[in-house]
Amino acid sequence: KFGQALRQLMAHALGQLPSGARLGVVEIGQSVPSYASDIQAVMNPRCCDLTFVGTDPEFEPESPQLQERYPHMQVMALDLQGEAKEPPPLGHLVLLTLDFASLAEATAALHYARSCLAPGGSMVVLGLHPARWIDFLCGGYRVHWHFFEDESLRSRQNSAQFWRQHLQKLQFANVSLLNFS
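Described below are features of the structure shown in this document. Treat the numbers as computed from the prediction; the structure is a model and nothing was measured. (Residues numbered from 1 in each chain as written. Predicted model: local features only at pLDDT ≥ 70, side-chain atom pairs only at ≥ 80, totals over all residues. Heavy atoms only, no water.)

## Details of the sheet that holds strand β4 (residues 91-97)
Item 1. Overall, parallel pairing links the five strands, which are arranged β3-β2-β1-β4-β5 in an open sheet. The open sheet is flanked by β3 (73-77) and β5 (117-126), the only strands paired with a single partner. Strand-to-strand twist in this sheet, taken as the mean axis angle between neighbours without regard to direction, amounts to 20°.
Item 2. In the sheet, strand β1 (residues 23-29) pairs with β4 via four bridges, with the strands oriented parallel. (Pairing = 2+ DSSP bridges. Helix = DSSP H or I, 4+ residues; strand = E, 2+ residues; numbered from the N terminus. Axes fitted to C-alpha atoms, helices over the stretch in contact; angles between N-to-C directions.)

Structure (structure tokens):
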């Protein structure tokens, strides 16, 4: 459902774009863009820039499959543990998919996403509702759990309310929750 809403939003934004202006869209995720197909379905490459930033250490920005599937998309790799090698792309719309292995990685990605925002731009943070079956399925993997100093652990799945509070703690403004389930 979000993809459909995104296509409508993009079509509207492109229709309102002043002559000669460009619309920048940045998607940030692990290794595969989640919404590039939806964006490319309505984007006009003459007035729209689409960039995907992959954060997985194994991500290959020069992947022929990505270039073939998304010919109008620029692709960058980002090491969340180190310094960015390139200046961040600017986006009037920045999409961040919460598919990170840890809260620290997600927080680093949120800071990077903020640096990508053009003045007056908007960021959409996308996540899944927590589900016990995912804990059951992935529970044997250490990376699925947050470990705390008191030796307790918690699933890395977080609720929308958790992310809302986390974004507010990071001083993001106008945080709204939308449900697309």
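Next comes the rest of the account.
## Quick word on the environment of Q67
Item 1. Mapped onto the elements, Q67 comes out in helix α3 (residues 64-69).
Item 2. Sequence-distant contacts of Q67, that is, excluding residues within four places in its chain, are made with P61 and E62. (Contact = heavy atoms within 4.5 Å.)

## Quick word on the pairing of strand β2 (residues 48-54)
It is a general feature of regular strands that their side chains alternate between the two faces of the sheet.
Item 1. Burial analysis of β2 places six of its seven residues in the buried class, which makes it a mostly covered element.
Item 2. Where β1 meets β2, seven bridges bridge the pair, whose relative direction is parallel. Paired with G24 across the bridge in β2 is D49.
Item 3. Each parallel crossover has a hand, and the one from β1 via helix α2 (residues 36-42) to β2 is right-handed.
Item 4. Two elements, β2 and β3, share five bridges in a ladder whose sense is parallel. (Buried < 20%, exposed > 50% of the residue type's maximum accessible area, 1.4 Å probe, protein only. Right-handed = clockwise from strand over helix to strand, strands pointing away.)

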